[in-house]
Amino acid sequence: MKDWRDLLGALGLRPGRVRAVRGARPLDRAALRAGAAAGVEIVIAVGLATLAVAALQSTSSDDAGLGSLYLLAVLLIAIRRGQLAALVTAVLGVLALNFFFIVPRHRLAIAHSQDLIELIVLLIAAVVVGRLAAVARERAAEAESRAVVAAAREREAKLVAEVASAILATESVGAQLETIGNRVALATAAGRARVVLEPVPTAMPDEIAVPLHSRAGNAWLYLTNDVAWDQTAIERVAESLGRLVDVAVERERVSERSAETEASRRAEVAKTAILHAISHDLRSPLTAITTAGSALAIGGVTEAERAELIEVIETESARLAKLVDDLLDLSRIESGAVAPQADWCDLHDVVASAAAHASGDHPVEFQLPGDLPLVRDRKSTRLNSSHITI
């Protein structure tokens, strides 16, 4: 038992390590399976080379020269399994050549120094060939890896460019987020993808949630589990998508501020126009009242003229009172004290009423198409003449 433990120690193993191998993790087991497969391939390659040397031995007396066939086995293993496996193949090939074909046969012994030199040269050549093949294999793997990474980066850049160009064609944030989701679903081969602005993720059972690193910090990308991209690629492209979401949100904010500014400007223009119109409408009855009052104060007027002047004062006073009431109505509407009710009205009636009100002693002619549709307007108790004034 002690010799058995010493043998394990010489091999660098301990009983505890043997038990650890038995309880290895899945990753370690995969490595063990790969090592076992490499060992089987090495044995098969060396065995085939040995059979080839045995078959060709009858046609050539140079056994050591035939050992160059083992270089093919080393080259094959180096390409498939790497440098370490190629080194093991080279050593096993030299041992097999020595054991089966160099006198004394079936013994690991060398009778002639020339055979020893040939075996050493063969071993060195096998090691060099294995090294070169392994380096070529590593470079090919690196080139393939770089090509895969480049393709992935190009795929992600194409997705971001498509999303950026697509959101420029839409206005609302909701439409832009829907466009982003559709583009992502198409690029990643997912059954469904959606982008939602919410503080916490609310993914469905068949979805995965990926945070979009936006400045607001409340954007999420939801993808179905059948997505073709890996998690790393999705998280990498999520950073760019988060910036595009920021652009969409900021764009809507700018649009809203621009609309508010334009509405304020138009409101100011409308107020100015109303003030000009009202000042004119107020000046007309005031002028008539002032003129009639001055005529009555001078005296020397007949009873008929007096009655006519008094009628002018009463009419214009009523007109002035109505204008003041309409102004009060408008101020109540703007302050929210009055809730206008929407109703349908005929533009012919509105224009006729305005013309009758504004004509006075001067005839007004107007012509409107007969097929004008009804319009929906908001009216309060005394708003008709206010519309006419506006």
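Participant: Describe a negative patch on the surface, listing the residues and the values that go with them.
Facilitator: The grouping of E305, E308, E311 and E314 at the surface amounts to a negative patch. Looking at the element boundaries, E314 is found in helix α10 (residues 303-335).

Participant: Residues and numbers for the environment of V324, please.
Facilitator: Within the secondary structure layout, V324 lies in helix α10. Note on V324: relative accessible area 38%, which makes it partly exposed.

Participant: Pulling in residues and values, what's your account of a nonpolar patch on the surface?
Facilitator: On the surface, L84, L87, V88, V91, L92, L95, L108 and V127 cluster together into a nonpolar patch covering about 660 Å² of accessible area. Broken down by element, the residue count for the nonpolar patch peaks at 6 residues, all from helix α6 (residues 83-101). Turning to its location among the elements, L92 is positioned in helix α6.

Participant: Tell me about the confidence of the model for the protein, and please be specific about residues and values.
Facilitator: Detail in the predicted coordinates should be disregarded across regions flagged by low pLDDT. Chain-level statistics for the protein give a pLDDT mean of 75 and a share of 80% at 70 or above. No element of the protein has a lower mean pLDDT than helix α1 (residues 2-10), which averages 43, and none a higher one than strand β3 (residues 219-224), which averages 85. When the criterion is pLDDT under 50, residues 1-24 qualifies, and its contacts beyond four places in sequence or with other chains add up to 8 contacts. Confidence over residues 379-390 falls short of pLDDT 50; this stretch has 29 contacts with residues more than four positions distant or in other chains.

Participant: Would you mind going over the packing of helix α8 (residues 173-188) against helix α9 (residues 231-298) in detail, with residue names and values included?
Facilitator: Interaxial distance between α8 and α9 falls to 9 Å at its minimum, and their mutual angle equals 160°. In terms of orientation, α8 lies roughly antiparallel with respect to α9. Classified by chirality, the crossing of α9 by α8 is right-handed. Of the residues in α9, those touching α8 at V173, Q176, L177, I180 and V184 are L241, V245, A248, V249, R251 and E252. Residue composition of the contact of α8 with α9, grouped by class: 8 nonpolar, 1 polar and 2 charged.

Participant: Please give an account of the sheet that holds strand β1 (residues 193-197) that cites residues and values.
Facilitator: The 3 strands are arranged β1-β3-β2 in an open sheet whose pairing can be described as antiparallel. The outermost strands of the open sheet, each flanked by one partner alone, are β1 and β2 (207-212). Along the sheet, successive strands turn relative to each other by an average axial angle of 25°, direction set aside. In this sheet, β3 lies alongside β2 in antiparallel orientation, the contact comprising 6 bridges. Among the inter-strand pairings, L212 is bridged to a residue of β3, identified as A219. In the packing of α9 onto the sheet, the strands contacted are β1, β2 and β3, and the crossing angle to β2 comes to about 55°.

Participant: Which residues make up the pattern of salt bridges, and what are the values?
Facilitator: Per the stated rule, a full pass over the model turns up 10 salt bridges. For E156, the salt bridge is made with R236, and the minimal N-O distance between the two is 2.7 Å. Here E156 is found in helix α7 (residues 113-167), whereas its partner R236 is found in helix α9, with 80 residues between them in sequence. Under the relative-accessibility criterion, E156 is labelled buried at 6%. Its relative accessible area of 27% is what places R236 among the partly exposed residues. A salt bridge links E262 to R266; the nearest nitrogen and oxygen atoms lie 3.1 Å apart. Taken together, the positions of E262 and R266, both in helix α9 and 4 residues apart, correspond to about one turn of that helix. Since its relative accessible area comes to 55%, R266 is described here as exposed.

Participant: Quick one: what's the story with the side chain of E316, residue by residue and with numbers?
Facilitator: For E316, the position within the fold is in helix α10. On the basis of relative accessible area, E316 is assigned to the buried category, the value being 15%. Excluding anything up to four places from it in sequence, E316 contacts P285, A288 and I289.

Participant: Break down α10 for me, citing the residues and quoting the values.
Facilitator: For α10, which comprises 33 residues, the first-to-last C-alpha distance of 48 Å matches the rise-based estimate of 48 Å (1.5 Å per residue) to within 8%. Of all the positions in α10, only L309, E316, L320, L323, D326, D329 and L330 are classed as buried.

Criteria and thresholds
Residues numbered from 1 in each chain as written. Predicted model: local features only at pLDDT ≥ 70, side-chain atom pairs only at ≥ 80, totals over all residues. Heavy atoms only, no water. Patch = residues over 30% accessible without salt bridge, like charges linked within 9 Å, V, L, I, M, F, W, Y side chains within 5 Å. Areas by Shrake-Rupley, 256 points an atom, 1.4 Å probe, with all protein chains shown as cover. Salt bridge = Lys/Arg side-chain N within 4 Å of Asp/Glu carboxyl O. Lys, Arg positive; Asp, Glu negative; His and termini not counted. Charge placed at Lys NZ, Arg CZ, Asp CG, Glu CD. Helix = DSSP H or I, 4+ residues; strand = E, 2+ residues; numbered from the N terminus. Buried < 20%, exposed > 50% of the residue type's maximum accessible area, 1.4 Å probe, protein only. pLDDT = per-residue confidence, 0-100. Contact = heavy atoms within 4.5 Å. Axes fitted to C-alpha atoms, helices over the stretch in contact; angles between N-to-C directions. Parallel < 35°, antiparallel > 145°, perpendicular 65-115°, else oblique. Left-handed = near helix turned anticlockwise from the far one by under 90°. Nonpolar A, V, L, I, M, F, W, Y, C, P; charged D, E, K, R; others polar. Pairing = 2+ DSSP bridges. Expected span 1.5 Å × (residues − 1).

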